[in-house]
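Here is what each chain is made of, one letter per residue.
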Amino acid sequence: MRTALWLLLAALALCARAQAQSNETRLLAGFEKQTDLNEWEFQGVSIQRVPRNATQGHYALQLRLFEGEYPGVRLSRGSPLLTGWGGYDFAKLDIFNSWSQPVSLTVRIDDQQSVNFGTRYNEGFVMRPGANTIELSLRRLQTSDHKRN
């Protein structure tokens, strides 16, 4: 059996929340219903909604990442969950690492102009054991080639 990694994604922008200047919060996905998974694509992972480590509601998404080329989860281009972010300042991803050692995670964000690594946002993060929150400043995101925000 291949080595696998267990991550619990508790409510995401994988669980993502965005905050507007008016303090309005928008939940991208809380995984409370099985249908919450319909907008997501999964590659090289097994998934399960689990009733633990949720930061909102009662459920989190548990991912088991298998060895391979770019295992992970993503929203498809054109997903309605990707629209309407103009008035928001940041997105938060709540991630629970159930391993006893830190795990590396890369957040990738493509837009309509993205064609390769340089023309999209890519940033690596280290998830320590237990609960982690990644906060992305949406107004400061920059492509890997530093040519566009």
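Trainee: Explain the packing of aromatic side chains here, please?
Mentor: Scanning all chains against the criterion turns up 1 aromatic pair. On the numbers, 6.1 Å between centres and 50 degrees between planes, the contact of Phe 31 with Trp 40 is tilted. Each member of the pair, Phe 31 as well as Trp 40, is classed as buried. The ring of Tyr 59 is capped by Arg 49, whose NZ or CZ atom sits 4.2 Å from the centre of that ring.

Trainee: Just checking my understanding: could you explain the environment of Asn 38 for this structure?
Mentor: Among the secondary structure elements, Asn 38 is positioned in the loop between β3 (25–27) and β4 (40–43). A C-alpha to C-alpha distance of 9.6 Å links Asn 38 and Leu 75, two positions 37 residues apart in sequence.

Trainee: What exactly am I supposed to notice about the environment of Leu 82 here?
Mentor: By the element assignment, Leu 82 lies in the loop between β7 (72–75) and β8 (88–97). Note on Leu 82: relative accessible area 42%, which makes it partly exposed. Taking the C-alpha atoms as reference points, Leu 82 and Asp 111, separated by 29 residues in sequence, lie 9.8 Å from one another. In contact with Leu 82, not counting residues within four places along its chain, are Leu 75, Ser 76 and Arg 77.

Trainee: Honestly, the nonpolar core in this entry has me stumped. Any pointers?
Mentor: Within soluble globular proteins, side chains that are nonpolar generally end up buried alongside one another. Formed by 14 residues in total, the largest nonpolar core has its most connected members in Leu 28, Phe 31, Trp 40, Leu 61, Leu 63, Leu 75 and Leu 81. Taken together, the elements giving at least two residues each to this core come down to β6 (60–66) and β7. It is β6 that provides the largest number of residues to this core, a total of 3 residues. Judged by nonpolar contacts, the second largest core, of 10 residues, contains Leu 93, Leu 105, Met 127 and Leu 141.

Trainee: Help me understand the confidence of the model for the protein, please; the structure alone is not making it clear to me.
Mentor: Low pLDDT marks regions whose predicted coordinates should not be analysed in detail. Here the protein averages 77 in pLDDT, while 85% of its residues score no lower than 70. When mean pLDDT is taken per element in the protein, strand β5 (residues 45–50) scores highest with 89 and strand β1 (residues 4–9) scores lowest with 37. Here residues 1–17 is a poorly scored stretch, pLDDT under 50, and it has 90 contacts once near neighbours within four places are set aside; other chains count.

Trainee: Would you explain unusual backbone geometry in this entry?
Mentor: Glycine aside, negative phi is the norm for most residues, and most peptide bonds take the trans geometry. At Asn 53, a residue that is not glycine, the phi angle is positive and equals roughly 60 degrees. As for its position among the elements, Asn 53 is in the loop between β5 and β6. Judged by its relative accessible area of 29%, Asn 53 falls in the partly exposed class. Backbone geometry at His 146 places phi at a positive 60 degrees, although glycine is not the residue there. The class for His 146 is exposed, based on a relative accessible area of 58%.

So, how was this worked out
- Residues numbered from 1 in each chain as written.
- Predicted model: local features only at pLDDT ≥ 70, side-chain atom pairs only at ≥ 80, totals over all residues.
- Heavy atoms only, no water.
- Phe/Tyr/Trp six-rings, centres within 6.5 Å; stacked < 30°, edge-to-face > 60°.
- Buried < 20%, exposed > 50% of the residue type's maximum accessible area, 1.4 Å probe, protein only.
- Lys NZ or Arg CZ within 6 Å of the ring centre and 35° of its normal.
- Helix = DSSP H or I, 4+ residues; strand = E, 2+ residues; numbered from the N terminus.
- Contact = heavy atoms within 4.5 Å.
- Core = buried A, V, L, I, M, F, W, Y, C linked by side-chain atoms within 4.5 Å.
- pLDDT = per-residue confidence, 0-100.

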